[in-house]
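This is what each chain is made of:
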Amino acid sequence: MASVTGFRLPHFLELNSHSRPQYRFRVHNSAGTGGDPAVLSSDLTMVNGDSNSGVRKRELQINHGNGRLKPEVEDKKKNNKLVKDDVEESLEPSWDDGYGTETVKDYFDAVEDMIKPDGGPPRWFSPISCGRPLKDAPILLFLPGMDGTGMGLTLHHKALGKFFEVRCLHIPVYDRTPFEELVKFVEETVRLEHASSPKKPIYLVGDSFGGCLSLAVASRNRSIDLVLILVNPATSFGRSQLQPFFPILEAMPDALHPTVPYLLGYIMGDPTKMAMVNVETKLPPIQRYEKMSQNLTALLPYLGSLADIIPRDTLLWKLKLLKSAAAYANSRLHAVKAEVLILASGKDNMVPSKEEAERLKKSLLNCTVRHFKENGHTFLLEDGISLMTIIKGTSKYRRSWRHNFVSDFLPPSRTEIDYAFEQVVGLLRIGTSSLAYSTLEDGKIVKGLAGVPSEGPVLLVGYHNLMGLELYPLVEEFLREKNVVIRGVAHPQLFVADSGSSSPEFSMNDWFRVFGSVPVTPSNLFRLLSSKSHVLLYPGGAREALHCKGEAYKLFWPTQPEFVRMAARFGATIVPFGAVGEDDLVELVLDYNDLQKIPVLNDYIRELNRNAVKVRDGSDEEINREDLFIPGLLPKIPGRYYYLFGKPIYTRGREESLKNRENANEMYLQIKSEVENCLAYLLEKRENDPYRNVIDRTIYKAVYGSSKDVPGFDP
């Protein structure tokens, strides 16, 4: 491998005030490496001179070899900015993840200066836009695709930088390091980091070619705790749709090569998806289309710069490198012991990623797959779901040897909240137009959540509606009014990897995890209450959510009052609540009893539940039936969802008395009675709501504006 002593700083060109922003690189000399210190410590600052838009700077911290990156604090001190000694340890919900603020144009702007010949070897850099991560954050090493620049995470820097120490591998354009040498280079960094923090996992995010590199490193380091996130891994390069094109490329004269990047640009990614990155979903369709068209028009000229990023000789070298990388990785799949997450695009025109993901899943010991059917090969540069959201939703984020649903939970960002409630459950949200009421200390019922304590630990105990339809408005209401994430304890089957699907996409189950749901176990309830969380508990569980005809708003609670004693152990406040509206949304036409009478469906339900996780002991068949199934439902003209939170029940100061089973059972029956009273109250009062019907609500919003809340009944 080339020595770092030969590294020279890139030559920069001055731009006029109308040019795109330029970039600052901070270069650090690694311990034990050579080179001219005067050169290696230089700062080069280049800024846009446009006084109207202000000065914009982009900084990249570069590390040669495998030395530790130095904290980027000097310039902050020079600017008299406050630099905290300790990194903030927690985030509030709705934090800014920056997704959508950087676009593909920023990617091309960033790599323009990085691709100039500098004579240097492959190296690590840390984008300053990632910021400083939270305390005890694991390290994330990004291994790039064919471009080799290391800027493939441009859209995700800010979000990933909150929770990881991000380093990106940069392979200079004219570097010709063989694949096995690149493996050794990454491997050395992995081993150094493991020696420094042996209890932390090390994340390898491999994009295309980087996926082969990640697998190769993992196969050689089986004793190190690695988490691999492979984005359209090029292990299927031998089956690439472009194989017939490669001999033609080798024979193509240099004069025709500038046309190749345009072809590759369309093959590798979807320009339309790239142009949609910063287009707000809240815009009207016509405005969204206009914004996308403007972005696409501005983006197309940048595709020509691919000829500079991947010149002809470099492209031919990269194709040979890809071939050897795929062969190397495939021959060692059996040796990979790491935890693996594969993200596969459905419109990948470069390699057959969808089929390859399923093949790798069968070959690897601990592998999870998520498919994204509308994305192309350059998934990380296209509009969609943030990479950090995917990591959270698949429970892959952890700071120690095992994922902890409580201590490793990261609150949802503003982008995640907007996406989930506008794109995922948008129609239900609009159709239900929910109303929440709560009970104050004096027994007065008021609109809103004023009667629910803002400080935890709080245990919300209620009735589970059909298919859990009440969950989504409930979670949003707490976020909107109290900025509180309610941590639901859910059926463990929801957390079984890829359960029920041979080709799983990022689904509702993943969003449950993003918003803090955990498997219902005593240990998880213990951890949540000890962390002073707002915990959502449905004692009726799946039996209530999958109830039969004629059982609407009927409680199916077990006889054990264990959650009362657990709540008392931490002095938690218990808030009973009721939710009604399922019968205003859907009609139950095929319940469990009906499905059991249909031979084919009967067999399907039995097979589905054969290996399903069981929560209850089954001593009372009527209460404890846990068979999971999908009932037959017919939609109705939407009515409305209503919530009533009863008067809080305090356990603080009663810890000793509630250890007694009789006392705990008495409180348990009180809570159950309060839930039934809340349901009865709402069923009666909703008859007085003049806007219970969706048509009336739609007319109200048309007259008074869509941003105005539609009123309901007076409590």
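Residues numbered from 1 in each chain as written. Predicted model: local features only at pLDDT ≥ 70, side-chain atom pairs only at ≥ 80, totals over all residues. Heavy atoms only, no water.

As for the environment of Phe478
At step 1: With respect to the helices and strands, the residue Phe478 is situated in helix H17 (residues 471–482).
At step 2: Sequence separation between Phe478 and Ala436 is 42 residues, and the spatial gap between their C-alpha atoms is 9.8 Å.
At step 3: Phe478 has contacts with Leu449, Val452, Leu460, Asn483, Val484, Ile486 and Phe645, leaving out every residue within four places of it along the chain. (Helix = DSSP H or I, 4+ residues; strand = E, 2+ residues; numbered from the N terminus. Contact = heavy atoms within 4.5 Å.)

Quick notes on a nonpolar patch on the surface
At step 1: A surface patch of nonpolar side chains, amounting to about 340 Å² of accessible area, comprises Val589, Leu590, Ile598, Leu601 and Leu634.
At step 2: By the secondary structure assignment, Val589 is in strand S18 (residues 586–590). (Patch = residues over 30% accessible without salt bridge, like charges linked within 9 Å, V, L, I, M, F, W, Y side chains within 5 Å. Areas by Shrake-Rupley, 256 points an atom, 1.4 Å probe, with all protein chains shown as cover. Salt bridge = Lys/Arg side-chain N within 4 Å of Asp/Glu carboxyl O.)

A closer look at the environment of Asn483
At step 1: Among the secondary structure elements, Asn483 is positioned in the loop between H17 and strand S14 (486–490).
At step 2: Here the alpha-carbon distance between Asn483 and Ser454, two residues 29 residues apart in the chain, equals 9.3 Å.
At step 3: Setting aside residues up to four positions removed in sequence, Asn483 forms contacts with Glu92, Pro93, Ser94 and Phe478.

A look at the pairing of strand S4 (residues 123–127)
At step 1: With respect to burial, S4 is a largely interior element, five of its five residues being buried.
At step 2: Alternating residues of S4 divide into Arg123, Phe125 and Pro127 and Trp124 and Ser126, and every residue in both groups is buried.
At step 3: Pairing of S4 with strand S6 (residues 165–170) involves three bridges; the strand directions are antiparallel. Looking across to S6, one finds that Arg123 is bridged to His170. (Buried < 20%, exposed > 50% of the residue type's maximum accessible area, 1.4 Å probe, protein only. Pairing = 2+ DSSP bridges.)

Quick look at the pattern of salt bridges
At step 1: One pass over the structure, following the stated rule, counts 32 salt bridges.
At step 2: The residue Asp118 makes a salt bridge to Arg123 at a minimum N-O spacing of 3.0 Å.
At step 3: Judged by relative accessible area, which is 5%, Asp118 ranks as buried.
At step 4: Notably, a salt bridge pairs Arg606 with Asp603, separated by 3.0 Å at the nearest N-O pair. Taken together, the positions of Arg606 and Asp603, both in helix H23 (residues 599–608) and three residues apart, correspond to about one turn of that helix.

Structural notes on the packing of helix H21 (residues 562–569) against helix H25 (residues 661–685)
At step 1: Close contact between H21 and H25 brings their axes to 8 Å; oriented N to C, the two are set at 105°. Relative to H25, the element H21 lies roughly perpendicular. Note on element contacts: H25 touches H21 through Arg661, Ala664, Met667, Tyr668 and Ile671, opposite Glu562, Phe563, Val564 and Arg565.
At step 2: Tallied by class, residues from the contact of H21 with H25 come to six nonpolar, no polar and three charged. (Axes fitted to C-alpha atoms, helices over the stretch in contact; angles between N-to-C directions. Parallel < 35°, antiparallel > 145°, perpendicular 65-115°, else oblique. Nonpolar A, V, L, I, M, F, W, Y, C, P; charged D, E, K, R; others polar.)

Some details on the state of the cysteines
Covalent bonding between the sulfur atoms of two cysteines is what defines a disulfide.
At step 1: Under the counting rule described, the total for this entry stands at zero disulfides.
At step 2: Cys168 takes part in no disulfide bond, and the closest cysteine sulfur to it belongs to Cys130, at a distance of 6.3 Å. (Disulfide = S-S within 2.5 Å.)

Focus on helix H19 (residues 522–530)
At step 1: Those residues of H19 lying buried are Asn524, Leu525, Leu528 and Leu529. All buried residues of H19 fall inside an arc of 130° around its axis, so they share one side.
At step 2: Immediately beyond the C-terminal end of H19, within one or two residues, lies Lys532, with a positive phi of roughly 60°. (Arc of directions from axis to C-beta.)

Brief notes about unusual backbone geometry
Note: most peptide bonds trans; most residues except glycine with negative phi.
At step 1: Residue Gly456 is joined to Pro457 through a cis peptide bond whose omega torsion reads 5°.
At step 2: When you line up the elements, Pro457 lands in the loop between strand S12 (445–447) and strand S13 (458–462).
At step 3: One non-glycine residue, Asn232, lies in positive phi territory at about 45°.
At step 4: As for its position among the elements, Asn232 is in the loop between strand S8 (226–231) and helix H7 (245–251).
At step 5: With a relative accessible area of 0%, Asn232 lands in the buried category.

So, the pairing of S8
At step 1: Burial within S8 is extensive, with six of its six residues counted as buried.
At step 2: By the alternation rule, side chains of S8 split into Leu226, Leu228 and Leu230 and Val227, Ile229 and Val231, which are all buried.
At step 3: Relative to S8, strand S7 (residues 202–207) runs parallel, the two sharing six bridges. Each residue of the ladder has a partner; that of Gly206, found in S8, is Leu230.
At step 4: In this fold, the crossover linking S7 to S8 by way of helix H6 (residues 209–220) has right-handed handedness.
At step 5: Note: S8 against strand S9 (residues 339–345), five bridges, orientation parallel. Counterpart to Ile229 in the pairing with S9 is Leu341. (Right-handed = clockwise from strand over helix to strand, strands pointing away.)

Overview of H25
At step 1: A rise of 1.5 Å per residue sets the reference length of H25, with its 25 residues, at 36 Å; its end C-alpha atoms lie 36 Å apart and thus fit the reference within 8%.
At step 2: All buried positions along H25 are accounted for by Ala664, Met667, Tyr668, Ile671, Val675, Cys678, Leu679, Leu682 and Lys685.
At step 3: Buried-residue contacts for H25 involve S13, H21, strand S17 (573–580), strand S20 (642–645) and strand S21 (649–650).
At step 4: For H25, the N-terminal capping position is held by Asn660, with its side-chain oxygen 2.9 Å away from the main-chain nitrogen of Glu662. (Expected span 1.5 Å × (residues − 1). Polar contact = N/O pair within 3.5 Å; in protein donor to acceptor, adjacent residues only side chain to side chain.)

Digging into the nonpolar core
At step 1: Core analysis: the largest hydrophobic core is formed by 134 residues, its most contacted members being Phe164, Leu460 and Phe645.
At step 2: Taken domain by domain, the makeup of this core includes at least three residues from each of domain 1 (104–394) and domain 2 (414–704).
At step 3: For Phe164, the contacting residues outside a window of four places in its chain are Pro133, Ala137, Pro138, Ile139, Leu140, Tyr203, Met388, Ile391 and Tyr397.
At step 4: Ranked by size, the runner-up nonpolar core spans 37 residues in total, among them Leu435, Val564, Ala568 and Ile574. (Core = buried A, V, L, I, M, F, W, Y, C linked by side-chain atoms within 4.5 Å. Domains from an automatic or database assignment.)

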